[in-house]
Structures are given as structure tokens and as C-alpha cells.
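Listed here are the chains, written in short residue letters.
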Amino acid sequence: MGSRASTLLREEEIEEIKKETGFSHSQITRLYSRFTSLDKGENGTLSREDFQRIPELAINPLGDRIINAFFPEGEDQVNFRGFMRTLAHFRPIEDNEKSKNAAVSEPLNSRTNKLMFAFQLYDLDRDDKISRDELLQVLRMMVGVNISDEQLGSIADRTIQEADTNGDNSISFNEFIKVLEKVDVEQKMSIRFLH
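Note that the structure is a prediction, hence the values are computed from the model and not measured.

A look at helix H8 (residues 132–143)
The terminal C-alpha atoms of H8, which comprises 12 residues, lie 16 Å apart, in line with the 16 Å expected from a rise of 1.5 Å per residue. Within the span of H8, buried status applies to Glu134, Leu135, Leu136, Val138 and Leu139. Elements in contact with the buried residues of H8: helix H7 (111–122), strand E3 (129–131) and helix H9 (149–163). Two residues or fewer after H8 comes Gly144, characterised by a positive phi angle close to 60°.

With respect to the packing of helix H1 (residues 11–21) against helix H2 (residues 25–38)
Where H1 contacts H2, the axes come no closer than 10 Å and their chain directions differ by 110°. In terms of their interaxial angle, H1 and H2 are classed as roughly perpendicular. In contact with Glu11, Ile14, Glu15, Ile17 and Lys18 of H1, H2 contributes His25, Ile28 and Thr29. Residue classes in the contact of H1 with H2 are distributed as three nonpolar, two polar and three charged.

Structural notes on unusual backbone geometry
With a phi close to 50°, Glu42 is a non-glycine residue in the positive phi region. You can see Glu42 is positioned in the loop between H2 and strand E1 (45–46). The exposure class assigned to Glu42 is partly exposed, which follows from its relative accessible area of 41%. At Asn169, a residue that is not glycine, the phi angle is positive and equals roughly 60°. Examined against the element boundaries, Asn169 turns out to sit in the loop between H9 and strand E4 (170–172).

Here's the deal with the pattern of salt bridges
The final tally for this structure, using the stated rule, is 12 salt bridges. In this structure, the salt-bridge partner of Lys18 is Glu15, at a minimum N-O distance of 3.7 Å. Of this pair, Lys18 and Glu15 both sit in helix H1, three residues apart, which is roughly one turn of the helix. Given the relative accessible area of 31%, Lys18 is considered partly exposed.

Comments concerning the UniProt feature "domain: EF-hand" (unreviewed entry) in the protein
Feature annotation in UniProt assigns "domain: EF-hand" (unreviewed entry) to the following positions: residues 26–61, 110–145 and 151–186. Measuring from the first to the last C-alpha atom of residues 110–145 gives 35 Å, for a span that is 67% helix and 8% strand. Secondary structure across residues 151–186 comprises 61% helix and 8% strand; the distance between its end C-alpha atoms is 30 Å.

Concerning H9
Look at H9: 21 Å from first C-alpha to last across 15 residues, which is about the 21 Å you get at 1.5 Å a residue. Three or more residues of H9 are buried, namely Leu152, Gly153, Ala156, Ile160 and Ala163. End-on, the buried residues of H9 take up no more than an arc of 110°, which puts them together on one face. Away from the buried face of H9 by more than 90 degrees, exposed residues Glu150, Gln161 and Glu162 are located.

Observations regarding the nonpolar core
Counting 45 residues, the largest nonpolar core has Ile28, Phe51, Phe80, Phe83, Met84 and Phe176 as its most contacted members. Those elements that provide at least two residues to this core are H1, H2, helix H5 (63–69), helix H6 (80–88), H7, H8, H9 and helix H10 (173–179). Residues within four places of Phe176 in sequence aside, it is in contact with Leu115, Ala118, Phe119, Tyr122, Ile130 and Ile171.

Rules used throughout
- Residues numbered from 1 in each chain as written.
- Predicted model: local features only at pLDDT ≥ 70, side-chain atom pairs only at ≥ 80, totals over all residues.
- Heavy atoms only, no water.
- Helix = DSSP H or I, 4+ residues; strand = E, 2+ residues; numbered from the N terminus.
- Expected span 1.5 Å × (residues − 1).
- Buried < 20%, exposed > 50% of the residue type's maximum accessible area, 1.4 Å probe, protein only.
- Contact = heavy atoms within 4.5 Å.
- Axes fitted to C-alpha atoms, helices over the stretch in contact; angles between N-to-C directions.
- Parallel < 35°, antiparallel > 145°, perpendicular 65-115°, else oblique.
- Nonpolar A, V, L, I, M, F, W, Y, C, P; charged D, E, K, R; others polar.
- Salt bridge = Lys/Arg side-chain N within 4 Å of Asp/Glu carboxyl O.
- UniProt positions renumbered as here; feature names shortened; annotations may be inferred.
- Arc of directions from axis to C-beta.
- Core = buried A, V, L, I, M, F, W, Y, C linked by side-chain atoms within 4.5 Å.

Next up, the structure:
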């Protein structure tokens, strides 16, 4: 057999991933199959190039930002657990998960963690705030050349003006949360994974 047999998931790994991410056993095994099909190096990890072969990410204007979210700072490979932790942000919140249990840490797919994930897509320099320049860069990625730089600048200025409550000309995570308080983030940042 090839190297695939040596990289099969053990039952205890599946159980640990279930606890950490909330995915079901069948979802984990299905996503593992997808992970191994993307793993062109057959080494149990994915590179940025592996992700860039996914057509939906290749055509997404924020594809590079989404791909970067899978990689901890300074890393150029992600293993299956890291892959699953990132995907867990997009798992829909089930009704039985909405009850607050202080003894259990907040699930990766909680509203706060989904918002943090989105915030980090904009916070390009990872300084915990979104500057006008960062907002402009992300807007430019999303709209391309369809809007003039002057119009983009106006959108960025207006966005910061509306969100910035402390007057530092940037958007903090708390300001980001406040702006999105009426948005159904749980719905908009969810992917239906087959059971």
C-alpha cells in the first residue's frame, strides 16, 4: 500500500477532533478524505499551493486571505487538526450549542469566534485593528477595478467613521463586533457540512 495507509485517522484522534470542533464522526471522515485528496505531497499536511488548487478559492477575491487563515503565523504547512479547527469556524451553530456553560470553553463556531475570524481577514498586519489602508486593500480585493480609488476611499472613510467610537481612525475588534451586532453572522458564516 502507499503512504495513505500510514496516515489513516485513529479512532482516538477522531474523538479528540469531535470534542474540539463539534463535527460528527462521519463529517470528520469525509473531510479527512477531502484533505488527503488535496494533499498532493502525500505527507499529511497541506501547503498554500494545495489550497490554491481548489477552484472555489482560486476564483474568490478573498481566496488568499481565506487560505492564509489556515496557517499559523510563520507556518507554511497545516495538518489535518489545524485544517479542522479552521473549518470549525464555519460549522453552523446547533440549538443545543447555544446554551452557555461557563465550564466549557467557547466553541470555535461561536458568534465571537466567527467574528474574530472575519476580523482577522481584514487585519492584514495582525495588530488587532483595521486601518483605513487595510480596509482599502480588502475592498480592492473584493471589487477589483469596478470602482475607482476615489470611491473606494470614500467607502473606507465612511466605514471607519461609522465604526470608530474611540477616535483612533481604525476599527478595533470591539468596534467590529458593535457594527455587526444586528447581522446574522451565524447564518452568513456557516457552511452546511453533510452529516
